[in-house]
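Remarks on the overall topology
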Amino acid sequence: MPFIAIYDWSMFTLPAGLPFANIEGDTHANAPDAPDYQSANPTWIGETFTFNGGTPTQIDITDDDGVFEDGYVETGAAQTLTSDVTINGTLYTAGSVVQNEFSMVDAAGNQVFVVAINGVNVGFTYALGDAPSTGQTFTPAHGLDGDPADSSAGYGSSSQSYNGIVCYASGTLIRTPQGDRPVETLRVGDAVMTLDRGAQIIRWVGAKTLTGNQLRDADKPIRFGVDALGPGQPTLPLAVSPNHRILLPAPMLRGHVAERGVLAPAKALLALPRVRRMRGKRRVTYHHVLLDRHGILIANGVAAESFYPGVMALHMLPDAECADLMRTVARLVQNPGRGYGPLAREALSVRDCEARLRTNGWRRHAVAKRKRAP
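Scoring rules and cut-offs
Residues numbered from 1 in each chain as written. Predicted model: local features only at pLDDT ≥ 70, side-chain atom pairs only at ≥ 80, totals over all residues. Heavy atoms only, no water. Pairing = 2+ DSSP bridges. Helix = DSSP H or I, 4+ residues; strand = E, 2+ residues; numbered from the N terminus. pLDDT = per-residue confidence, 0-100. Contact = heavy atoms within 4.5 Å. Buried < 20%, exposed > 50% of the residue type's maximum accessible area, 1.4 Å probe, protein only. Phe/Tyr/Trp six-rings, centres within 6.5 Å; stacked < 30°, edge-to-face > 60°. Core = buried A, V, L, I, M, F, W, Y, C linked by side-chain atoms within 4.5 Å. Salt bridge = Lys/Arg side-chain N within 4 Å of Asp/Glu carboxyl O.

Okay, the sheet that holds strand E12 (residues 137–138) next. In sheet architecture, strand pairing relies on hydrogen bonds along the backbone and comes in two forms, parallel and antiparallel. Within the open sheet, the 3 strands sit side by side as E2-E3-E12. Their pairing is antiparallel. Strands with a single pairing partner mark the edges of an open sheet, and in this sheet they are strand E2 (12–13) and E12. Two elements, E2 and strand E3 (residues 49–51), share 2 bridges in a ladder whose sense is antiparallel. Each bridged residue has a counterpart across the sheet, and for Phe12 the counterpart in E3 is Phe51.

This is the structure we're talking about:
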C-alpha cells in the first residue's frame, strides 16, 4: 500500500489568474508550448503558488505496478484509496480512483504533482524527500502530462515511483569491527561500526531487486565517484538509492549551524562533480540494514545512514517484509511514525540542499578538498 502526502489547496495562496474551477477541474496545465494549448482557457504556467504551512494529509492507495501515474499511461489496474479520507472538506471513500493527473516543473527544475481523486484535483504532492517549507513559492515554467499532446516536453511524463526507501546497492562495503564487508553478506546479529556509538548489532535486513520496467529513472542509483565529497570520500565508487541520506560534514555547510554535520539525500547532490544518476543501469539490488537506533554507517569510506523505518518507508515495503520488520521492532506497531526514535542527525530537504548547491558553497568545498589531496 503506497503512501502519499497531499498538500491540499487550503494550504496555499492560490494565483488570482487561475479560477478555482480550473484548479479543481483541469486535467493538464494548458502549457502554451504544448500541442493542445487552448489560448481561450487559463494556463497554470507562470502562475505562482505560495505554501502557507500546514500538515499534509497522508493517504494510502492500492496500486499494482509500483508507480503513481496518470490514467493515460497507467500500466496496470487503477490506483484507488485504501481507506476513507477527507480533503478540502470532501469525503472520499475507499475505492475512489486516485491519479497523478499532471505535473509541473519550475525554471530551477523543481517538480510538483497534481493529485486527483475521482476526477477532482485535491492538491499537490511532491517528489519524495522534497516537502515544501512555509513561505515557499512555486511558479511553473513547463507542464507535463500523461497525454503527450498536453505536455510541454512533447511526451507523456507525469509519473513518479514510490520507491523512496534508503538503501545501498550490492557491492557496497560496510565497515564492521572485522573490516569492510559487502552489504549483501551482512546478516541479522552481525555487528557494524557506527560513527557515534561504535559497534552495533544488525536487527533486520531486507533486499529488493529492480529490473526492466520496475527500474524507472527515479529509482536508479546515485553514484558518487572516488573523492566526490573530499579525499577518501568515497574510497571506491558508491551507489545508493536516490533518497539515501549522506552525512555532510560541517565545513561543507557554509553558515548552517551543525557541528556534527547534516544528512542530505543523495539525489540532492547531483550538481556536485563526480556525482551522477546511473541512467544506464538495467538491474539493481538494494539492501536495507536496520539497527536498534538510526545510525551513521561507513560505506566505501562515506558516512551514510542506516535504514530508518518511518511511516513512508513502512508503506513502501512489501507486506511480508513490513510484517517481519514490525515483529522485530514491536514499538512500531503502536506508533509507526515515531516509535523507532529520532534520526541520527538533522536532515535537510532536497530543495534546501539544491539551494545551497546553487550558491556553489558545497561545490567549491568539495573541489578544493580534492585539489589538496596528495
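Moving on: the confidence of the model for the chain. Here the chain shows a mean pLDDT of 85. Residues at 70 or above account for 83%. Low pLDDT, under 50, characterises residues 366–374; the stretch is placed with 12 contacts to residues that sit more than four places away or in other chains.

Of all 7 residues in strand E10 (residues 111–117), 6 are buried; the element is thus mostly enclosed. Strand direction decides the pairing type here: strand E9 (residues 98–106) and E10, joined by 7 bridges, are antiparallel. Bridge pairing in E10 links Ser103 to Phe113. Linking two consecutive strands that pair antiparallel, namely E10 and strand E11 (residues 120–126), is a turn of 2 residues; a positive phi of about 50° is found at Asn118 within it.

Inspection of the secondary structure assignment puts Gly261 in the loop between strand E23 (245–248) and strand E24 (262–265). As a C-alpha pair, Gly261 and Ile246 span 15 residues in sequence and 9.9 Å in three-dimensional space.

Before going further, it helps to spend a moment on the packing of aromatic side chains. The full count for this structure, using the stated rule, is 14 aromatic pairs. Judged by centre distance (5.4 Å) and plane angle (55°), the rings of Phe12 and Phe51 are tilted. Here Phe12, found in strand E2, pairs with Phe51, found in strand E3; they are 39 residues apart in sequence, far enough to count as distant. As far as the burial class goes, Phe12 and Phe51 line up, both buried. Arranged with centres 5.1 Å apart and planes meeting at 85°, the rings of Trp44 and Phe102 form a pair that is edge-to-face. Separated by 58 residues along the polypeptide, Trp44 in the loop between helix H1 (20–25) and E3 and Phe102 in strand E9 bring together distant segments of the chain. Grouping aromatic residues by their ring pairs yields a cluster made of Tyr7, Trp9, Phe12, Trp44, Phe49, Phe51, Phe102, Phe124 and Tyr126.

Here we take up unusual backbone geometry. With the exception of glycine, most residues fall at negative phi, and the peptide bonds are largely trans. Look at the link from Gln233 to Pro234: it is a cis peptide, with omega at 0°. Relative to the helices and strands, Pro234 is located in the loop between strand E21 (222–224) and strand E22 (238–240). You will see that Asn30, though not glycine, has its phi angle at about 50°, which is positive. Locating Asn30 in the fold gives a position in the loop between H1 and E3. On the basis of relative accessibility, which here comes to 4%, the residue Asn30 falls in the buried class. We note that Asn118 has phi near 50°; this positive angle belongs to a residue other than glycine. Its place among the elements puts Asn118 in the loop between E10 and E11. Take Asn118: its relative accessible area is 47%, and that puts it in the partly exposed class.

Residues Tyr168, Ile174, Phe224, Ile246, Phe307 and Leu325 are the most contacted members of the largest nonpolar core, which totals 44 residues. With 3 residues, helix H3 (residues 319–328) is the single largest residue contributor to this core. For Ile174, the contacting residues outside a window of four places in its chain are Tyr168, Gly179, Asp180, Arg181, Val183, Leu186, Val192, Leu297, Ile298 and Ala299. Of all hydrophobic cores here, the second largest spans 21 residues; its members include Ala34, Phe102, Val114 and Phe124.

What the rule picks out here adds up to 6 salt bridges. For Asp180, the salt bridge is made with Arg175, and the minimal N-O distance between the two is 3.5 Å. Of the residues examined, Arg175 reaches a relative accessible area of 35% and is grouped as partly exposed. Measuring nitrogen to oxygen at the nearest pair gives 2.9 Å for the salt bridge that ties Asp292 to Arg203. Residue Asp292 is found in the loop between strand E26 (283–290) and strand E27 (296–299), and its partner Arg203 is found in the loop between strand E19 (198–201) and strand E20 (204–211); the two are separated by 89 residues along the sequence. Given a relative accessible area of 34%, Asp292 falls into the partly exposed group.

A few words on the pairing of E26. Walk down a regular strand and you will see the side chains alternate between the two sheet faces. Of all 8 residues in E26, 7 are buried; the element is thus mostly enclosed. Pairing geometry for strand E15 (residues 168–169) and E26, over 2 bridges, is antiparallel. Considered in E26, the bridge of Ala169 is made with Tyr286. Two strands pair when backbone bridges link them, and E20 and E26 are joined in this way by 8 bridges, in the antiparallel orientation. Residue Ala207 lies in a different strand from E26, and its bridge partner there is His287.

With respect to the secondary-structure elements, Arg197 resides in the loop between strand E18 (191–194) and E19. Take Arg197: its relative accessible area is 25%, and that puts it in the partly exposed class. C-alpha of Arg197 to C-alpha of Arg293: the two residues are 96 residues apart in sequence and 9.9 Å apart in space. Contact partners of Arg197, with chain neighbours within four places excluded, come to Arg293 and His294.

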